[in-house]
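# Residue-level structural notes
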Amino acid sequence: SVGRPKFVLHDGPPYANGNIHIGHALNKILKDLVTRSQQMMGFDSNYVPGWDCHGLPIEWKIEEQYRARGKNKDEVPINEFRKECRDFATHWLNVQREEFKRLGVTGDWDHPYSTMAFPAEAQIAREIMQFAMTDQLYRGSKPVMWSVVEKTSLAEAEIEYQDYQSDMVWVAFPLRYASSGTMGGAKSGPEFERADELLSASVVIWTTTPWTLPGNRAISYNRKIAYGLYEVTAAERDFGPQAGARFIVADKLAEAVFGQAKLTAKRFRDVTAEQLGLSICAHPLASLGYTFDVPLLDGDHVTDDAGTGFVHTAPGHGREDFDIWTAAATQQMLRERGIEPKIPYTVDADSFYTAEAPGFEGRRVIKDNGDKGDANEAVIKALIDAGNLVARGRLKHQYPHSWRSKKPVIFRNTPQWFIHMDQPLSADAISHFANKGGVAEHDLRNSENPTLREVSLDSIRATEWVPPAGQNRITGMIEAKPDWVVSRQRAWGVPITVFVNKATKAVLKDERVNRRIADAFEAEGGDAWFADADGSRFLKPEHDPADFEKINDVLDVWFDSGSTHSYVLGAPNTFPGLAGIHRKPDGGRDRVMYLEGSDQHRGWFHSSLIESSGTRGRAPYDIVLTHGFVLDEKGQKMSKSLGNVVAPQDVMKNSGADILRLWVAASDYSDDLRIGPEILKGFIDSYRKLRNTLRWMLGTLAHFEQTDRIGGQAMEEVDRLMLHRLAILDGEVREAYATYNYKKVVSLLSTFMNTDLSAFYFDIRKDALYCEPPSSVKRLGSLETVEQIFRCVTLWLAPILVFTADEAWLERYPDKQTQGGCVHLEAFPDVPSSWRDDALAAKWDRIRDVRSVITGALEIQRAGKVIGSSLEAAPVVHVTDKDLMAALDGIDMAEIAITSAITLTDRPAPADAFTSDQVKGVAVVFTQAAGRKCARSWRYTDDVGSDPTFPDVSARDAKALHELKALGRI
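Residues numbered from 1 in each chain as written. Predicted model: local features only at pLDDT ≥ 70, side-chain atom pairs only at ≥ 80, totals over all residues. Heavy atoms only, no water.

## Some points on the overall build of the chain
Counting secondary structure elements, the chain contains 31 helices and 32 strands. For the chain, whose C-alpha radius of gyration is 39 Å, the value lies well above the compact-globule estimate of 30 Å for 970 residues. With respect to the principal axes defined by its C-alpha atoms, the chain has extents near 130 × 75 × 60 Å. Considering the chain as a whole, with its 970 residues, one finds that 56% of them fall into the buried category. Put simply, of all contacts in the chain between residues at least 6 apart along the chain, 76% involve residues at least 24 apart. (Helix = DSSP H or I, 4+ residues; strand = E, 2+ residues; numbered from the N terminus. Rg over C-alpha atoms; globule rule 2.2 N^0.38 Å. Buried < 20%, exposed > 50% of the residue type's maximum accessible area, 1.4 Å probe, protein only. Contact = heavy atoms within 4.5 Å.)

## Considering empty space enclosed by the protein
To find leftover empty space, a probe the size of one water molecule is rolled over the atoms. Within this structure, the stated rule accounts for 5 cavities of 30 Å³ or more. In this structure, the largest cavity encloses a volume near 150 Å³. Within the residue set of the lining of the largest cavity, elements represented by two or more residues are β6 (159-177) and α10 (375-386). Ranked by residues supplied to the lining of the largest cavity, first place goes to β6 with 3 residues. Class assignment of the residues belonging to the lining of the largest cavity gives a composition of 9 nonpolar, 5 polar and 2 charged. For the second largest cavity, the calculated volume is near 100 Å³. What lines the second largest cavity is a set of 15 residues, and nearest its centre among them are G55, L56, R488, R490 and V557. Counting only elements with at least two residues in the lining of the second largest cavity, the list comes to β5 (152-154) and β22 (554-555). Ranked by residues supplied to the lining of the second largest cavity, first place goes to β5 with 3 residues. (1 Å grid on protein atoms, 1.4 Å probe; cavity = no way out; pocket = protein on both sides within 12 Å on 5 of 7 lines; lining within 4 Å. Points joined across faces, edges and corners; volume = space filled by probe spheres on them. Nonpolar A, V, L, I, M, F, W, Y, C, P; charged D, E, K, R; others polar.)

## Side note on the sheet that holds strand β18 (residues 484-485)
What the 4 strands build is an open sheet, ordered β5-β4-β16-β18; its pairing is antiparallel. Looking at which strands have only one partner, the edges of the open sheet turn out to be β5 and β18. As judged from the 10 bridges shared by strand β4 (residues 137-147) and strand β16 (residues 410-419), these two strands associate in the antiparallel manner. The partner of R139 across the bridge, within β16, is W417. (Pairing = 2+ DSSP bridges.)

## Notes on the sheet that holds strand β23 (residues 591-597)
Strand order across the open sheet formed by 4 strands is β1-β23-β24-β17, with parallel pairing between neighbours. Across the chains shown, the open sheet's two edge strands, defined by having one partner strand only, are β1 (7-10) and β17 (464-466). Ignoring which end each strand starts from, the neighbouring axes of this sheet average 20° apart. Examined bridge by bridge, β23 and strand β24 (residues 623-627) share 5 bridges and lie parallel to one another. (Axes fitted to C-alpha atoms, helices over the stretch in contact; angles between N-to-C directions.)

## Focus on unusual backbone geometry
In this structure, P467 follows V466 across a cis peptide bond, with omega equal to -5°. Of the consecutive residues K540 and P541, the connecting peptide bond is found in the cis state with omega at 10°. Note on placement: P541 falls in the loop between α16 (536-539) and β21 (548-550). Residues other than glycine seldom take positive phi values, yet I898 does so here, at roughly 60°.

## With respect to helix α25 (residues 777-797)
Between the first and last C-alpha of α25 there are 30 Å, a value that for 21 residues agrees with the 30 Å anticipated at 1.5 Å per step. Summarising burial for α25: 19 of the 21 residues are buried, a large majority. With a side-chain oxygen lying 3.2 Å from the backbone nitrogen of K778, the N-terminal cap of α25 falls on S776. (Expected span 1.5 Å × (residues − 1). Polar contact = N/O pair within 3.5 Å; in protein donor to acceptor, adjacent residues only side chain to side chain.)

## Overview of the packing of aromatic side chains
One pass over the structure, following the stated rule, counts 30 aromatic pairs. Ring geometry for F499 versus W529: centroids 5.1 Å apart, planes at 50°, classification tilted. Pair noted here: F499 is in strand β20 (residues 499-501) and W529 is in helix α15 (residues 527-531), with a separation of 30 residues, a long-range link. Overall, F499 belongs to the buried group, its relative accessible area being 2%. Centroid distance Y737 to F828: 5.0 Å. Interplanar angle 25°. Geometry classified as stacked. Of this pair, Y737 sits in helix α23 (residues 717-738) while F828 is found in the loop between α27 (814-818) and α28 (838-863), placing the two residues 91 residues apart along the sequence. F828 carries the same exposure label as Y737, and that label is buried. An aromatic cluster is defined as three or more aromatic residues linked by ring pairs; in this entry it consists of W465, Y594, W604 and Y621. The residue whose ring lies beneath K73 is F81, and the NZ or CZ to ring-centre distance is 4.7 Å. (Phe/Tyr/Trp six-rings, centres within 6.5 Å; stacked < 30°, edge-to-face > 60°. Lys NZ or Arg CZ within 6 Å of the ring centre and 35° of its normal.)

## Concerning the layout of surface pockets
When its volume is computed, the largest pocket comes out at roughly 2100 Å³. In this structure, the largest pocket is lined by 50 residues; those nearest its centre are H21, H24, W403, D599 and F629. Among the secondary structure elements, those contributing two or more residues to the lining of the largest pocket are α1 (22-40), α3 (78-102), β6, α17 (557-562), β23, β25 (630-631) and α20 (648-655). Among the elements that take part in the lining of the largest pocket, α1 stands out by supplying 6 residues, more than any other. In terms of residue class, the lining of the largest pocket is built from 22 nonpolar, 17 polar and 11 charged.

## Quick word on the environment of T880
With respect to the secondary-structure elements, T880 resides in the loop between β27 (876-879) and α29 (882-887). Along the backbone, T880 and K920 are 40 residues apart, and their C-alpha atoms lie at a distance of 8.8 Å. Setting aside residues up to four positions removed in sequence, T880 forms contacts with D906, R907, P908 and G921.

## Thoughts on the pairing of β1
On β1, burial covers both faces: F7 and L9 on one face and V8 and H10 on the other are all buried. Two elements, β1 and β23, share 4 bridges in a ladder whose sense is parallel. Paired with V8 across the strands is V592, a residue of β23.

## Remarks on the pattern of salt bridges
Counted under the stated rule, the structure contains 67 salt bridges. A salt bridge links R176 to D293; its shortest N-O distance comes to 2.6 Å. One end of the pair, R176, is in strand β6; the other, D293, is in strand β13 (residues 293-298), with 117 residues separating them in the sequence. For R176, a relative accessible area of 38% puts it in the partly exposed group. We note a salt bridge from R488 to D556, for which the minimum N-O separation is 3.5 Å. Of this pair, R488 sits in strand β19 (residues 487-488) while D556 sits in the loop between β22 and α17, placing them 68 residues apart in sequence. You'll find R488 and D556 in the same group, each marked buried. (Salt bridge = Lys/Arg side-chain N within 4 Å of Asp/Glu carboxyl O.)

## Digging into the environment of G277
Structurally, G277 can be placed in helix α7 (residues 273-277). Between the alpha carbons of G277 and D298 there is a distance of 7.0 Å; along the sequence they are 21 residues apart. When near neighbours in sequence (up to four residues on either side) are disregarded, G277 contacts Y221, L296 and R337.

## Re the packing of helix α21 (residues 657-666) against helix α22 (residues 677-700)
The contact between α21 and α22 brings their axes to 9 Å, and the two run at 100°. Taken together, the axis directions place α21 and α22 in an arrangement best described as roughly perpendicular. Contact with α21, carried on its side by D658, I659, L662, W663 and A666, involves I679, L680, F683, I684, S686, Y687 and L690 of α22 and no other residues of that element. Here the residues of the contact of α21 with α22 are counted per class, giving 10 nonpolar, 1 polar and 1 charged. (Parallel < 35°, antiparallel > 145°, perpendicular 65-115°, else oblique.)

Purely geometric numbers; function is a separate question.
If you want it as C-alpha cells, here you go:
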C-alpha cells in the first residue's frame with residue numbers, strides 16, 4: 001500500500017452498550033464492502049473501527065445497578081462513578097468487537113479508537129477549547145429541550161416524536177391598552193370610539209402547553225392574517241364566556257374557536273395589524289401577581305391553519321418565542337414602553353415551578369417517571385377562577401420525546417453552553433483554518449465575514465452525497481439549525497474545559513492553561529478535570545483560581561463523536577496506517593468517506609460537519625454515503641414484542657456470515673432493507689449456486705499447471721468468447737464497485753456464473769474437460785479459460801463473500817497461504833484489453849440463438865421420454881437465415897448443442913419441424929443418434945470398440961485413457 005492514494009472510510013462510532021443487532025450488521029458489512037473494494041481497486045484503504053463510549057445510556061445502567069444495591073449516586077465520588085461507566089463501556093466494546101470480526105469485517109481491531117481513550121478525551125478537549133479561543137463558544141440563556149427524567153438538556157438528534165395526549169386551552173388576554181391606529185390614540189371622535197371598542201375585548205390564544213402560561217410575556221400575530229372583533233350573542237353553557245363578551249380572533253378560525261367554546265358570535269368589525277401592534281394586553285393570571293404588560297408582536301411564524309391566529313409567546317419555553325422576544329426590534333419596543341425584557345426561570349430542572357411562577361410554586365409539569373404532573377390542571381383552574389378560560393379540550397398529536405427514555409421533554413430556559421451559528425467568524429478562527437490545512441480563501445468567496453452556518457453550507461456543496469438526495473436533507477437541517485447546545489448536566493463525558501472570570505463573565509483565553517489541560521488529559525483522561533476542585537492545577541501560576549468559575553458540565557456526546565476526525569484522521573494520530581491524510585482544497589487524491597444510516601444527517605454527519613467547519617473551515621469528509629433501515633419481511637419495524645427480530649448472531653450460526661454479506665450486497669441500501677426467514681432462504685440458495693460454481697472450477701483445475709497454458713490465439717472460439725465476457729465484466733464490475741453499486745456487482749456476477757458459465761460454457765465444455773486426452777489443445781484451452789474465469793470471479797467476489805472467496809483462493813493457490821497471503825491482499829484482476837472481441841461476441845449471439853432452438857426441440861423429446869439425454873439425439877437443423885448459417889460455419893454444433901451428431905442444412909424444413917417464435921429461420925427435426933454409446937463420454941459414435949484395450953469407449957476416449965495410464969492417474 002506504500003505510495004498509493006488513500007481512501008479512508010472513517011468509522012462512525014457505534015455505542016458501546018449491548019450486543020450488535022441486524023442494523024449494526026448492515027452498517028459494518030456495507031463499510032467493509034467499501035473498504036475491501038477500494039483496496040482492491042488500488043487505494044490504500046485501511047480501516048480503523050471506533051466506539052462512542054460517553055453519554056447518558058451508560059450512566060443510566062450504572063445508576064440502575066446502584067439503585068438495585070440501595071446505593072446513592074450522589075454519595076459516590078464522581079471519578080469513582082466515571083470509572084464504573086468506563087468499565088461498563090470497555091466490556092461492551094470488547095463484546096461488539098468480536099461480533100463485528102465474525103461478520104468478516106477487516107480493520108485494525110487491535111488498535112480501535114474510542115471516545116473515552118485518554119488521547120481522544122484530550123483531543124476532544126482541545127477542540128472545544130479551540131471554539132472558545134475563537135469566540136465561537138458562549139454561555140447563554142435559551143430555551144432548550146430538557147429531559148426531566150434524565151435531568152439534562154438534549155439536542156435535536158436526541159429527540160424523536162411520538163403520539164402524546166396534551167391538554168389544550170383557549171385563553172383570553174384582556175386588552176389593557178388599544179390604539180385607533182396612531183401611537184397615543186385619538187382622544188375624541190369616531191376613531192377614539194373605535195379604540196374604546198377594543199378595550200372591551202380580549203385577544204384569544206390557543207396552546208397545548210397550559211403550564212407555560214406563567215412564562216408568557218407576549219402574544220404574536222401575523223400582519224398578513226385577517227383579524228376581526230367578535231361579540232358573543234349566545235352561550236350554550238352557564239359557565240365560561242357569556243353573551244356580550246368580545247374577542248379578537250383570526251377570521252378564518254373564528255367559527256372553529258366559537259364552536260369549541262359552544263358560543264354563537266357575530267363579527268363586529270375589522271381589527272388591523274397596525275392596531276394590534278400598538279395594543280397591550282393584561283396577563284390572564286394578573287390576579288395572581290402577573291401584573292406586567294403583555295405586548296403584541298408581529299411574527300411570520302404565526303399562521304391561521306389552526307388555533308386562533310394568535311400565538312401565546314413564552315420566551316423561556318420555545319425557540320420561536322425566544323427569537324421574536326430577543327429580536328432587536330422587539331427589545332427596542334420594550335425599552336420604549338418600559339416593559340421588563342428579562343426572561344423568567346419559571347420551571348426548575350425537576351420541572352417544579354419556581355418563585356418566578358407566583359401562585360404555582362411546587363406544582364410539577366412532568367414526574368420522574370415521565371407521567372404528567374399537576375401543573376396543567378393548576379393553571380387551568382386559575383384561568384377559570386380568573387374568568388379567562390374560553391374553552392378547553394384534549395389533543396392527540398406528535399410531541400417530542402427523548403429517544404433514550406422514550407419520555408416527553410419540555411422546553412425550558414436554562415443557562416447552557418452554545419456554539420454560535422450566525423456570528424461572523426473571527427480572524428483568529430479563519431487563520432486557524434489555514435494552519436489546519438483547511439479552507440482556502442476562495443472557499444469563502446461568498447462572504448467577507450462568513451458565519452459557521454455559511455462555512456457549513458459551503459462544505460456541504462463541496463461534498464459528494466450518495467445518494468444525492470442526502471445533500472438536500474442535510475442542507476435543510478443546517479439552514480434551520482439554532483445555535484448548537486453543547487453542554488450536558490451529567491457526569492460521564494468529556495468536561496467543557498473552560499474557566500469563566502467571575503467579575504467579567506468572560507471565558508479565559510490562555511494557551512498555557514489549555515496545554516496543561518490537554519497534557520493532563522493525555523495521561524489521566526477527563527478524570528483529571530474533576531479531580532481538581534477549583535482548577536488550581538491548570539490555572540496556576542498565571543491566574544488566581546479564586547477569580548474564576550470552573551465549568552463542570554460535560555459535552556454533548558455528539559460533540560464527542562463529531563470530533564473523532566481530529567484524532568483518527570488528523571496528524572499526529574495514534575492509529576497505524578492512517579497518518580498523513582492529505583486534505584487538499586484543490587481536490588487531491590486522498591479521499592475520506594463517512595457512511596451511516598440516513599438518520600445521521602441530523603446526527604454524526606451533522607455534528608462532524610459543524611465541528612470540523614468551526615475548527616478547520618471545511619467538512620471532515622469528501623463523500624457521505626447513507627443507507628436505510630432494516631425491516632422484517634412485511635416491511636414492519638422489528639421488535640421483540642412482535643417476535644420478528646432477526647439476530648445476526650443466529651444467521652451466522654445457522655448459515656454463515658457470507659449469507660448476511662450477500663444479503664447486504666444484493667439489496668438496495670439506499671432504501672429500507674427487509675430480512676426474514678423466507679428472504680434468507682432465497683439468499684442461501686443464491687449463495688449455494690455461487691459456491692458450487694467455484695467448487696466445480698476448483699475440481700476442474702485440480703491437474704492444471706501454469707505450464708499448460710497455450711495462449712488465447714490457440715484457443716477455440718467458445719473459450720475466447722468467455723475471455724471476451726470477462727473483459728466486458730471487468731469494466732462493469734469496476735464501475736459498479738467505484739460507484740458503490742454492490743447490488744449491480746451481485747447481479748452481474750450471478751448472471752454470469754449461472755447463465756454464461758453453468759448453463760452454457762461449463763455445460764458445453766464438460767466433454768472436453770473430462771474426456772479429451774490430457775495433451776489435447778482443446779482441453780488445455782478450456783482449462784486455461786476456466787483458470788482465468790476462476791481468478792477473475794473469485795477476486796470480484798472477494799469483497800462480498802470474504803470467507804468463501806478466501807477459502808477458494810487458498811485452495812487453488814496454497815503456496816500463497818504459506819507466504820502469508822490471502823485473496824484480500826490481491827488487486828482486482830488485470831484483464832487484457834485484447835480479450836475483448838465484439839465481432840466474435842456478435843457471432844456467438846447468433847450461434848446461441850440457433851442452440852436455443854435445438855435445445856427447445858430436444859426438451860420436448862425428453863419430456864415425452866423419447867430420450868433421457870440430449871446425447872441420444874442427432875437432429876437435423878434447417879437454417880434458412882443466411883446470417884445464421886454463416887455464423888455456424890466451422891462450428892461443431894453437436895458439441896455446442898451437446899448432441900452426438902447434428903446435420904445442418906439450408907433446405908426448407910418440413911411442416912412438422914420444431915420452430916421458435918424468438919428465432920426466425922431455424923427449424924429442427926428430431927433424429928435418434930446412431931452408433932454405440934461410449935461408456936466414458938456417453939456419446940453415440942461409430943468407433944466405439946475400435947481400440948481393443950478399451951473396447952467400451954470411442955477412439956478419442958481410448959486415446960485419453962492411454963495417456964492417463966501413462967501419467968499414472970489410472
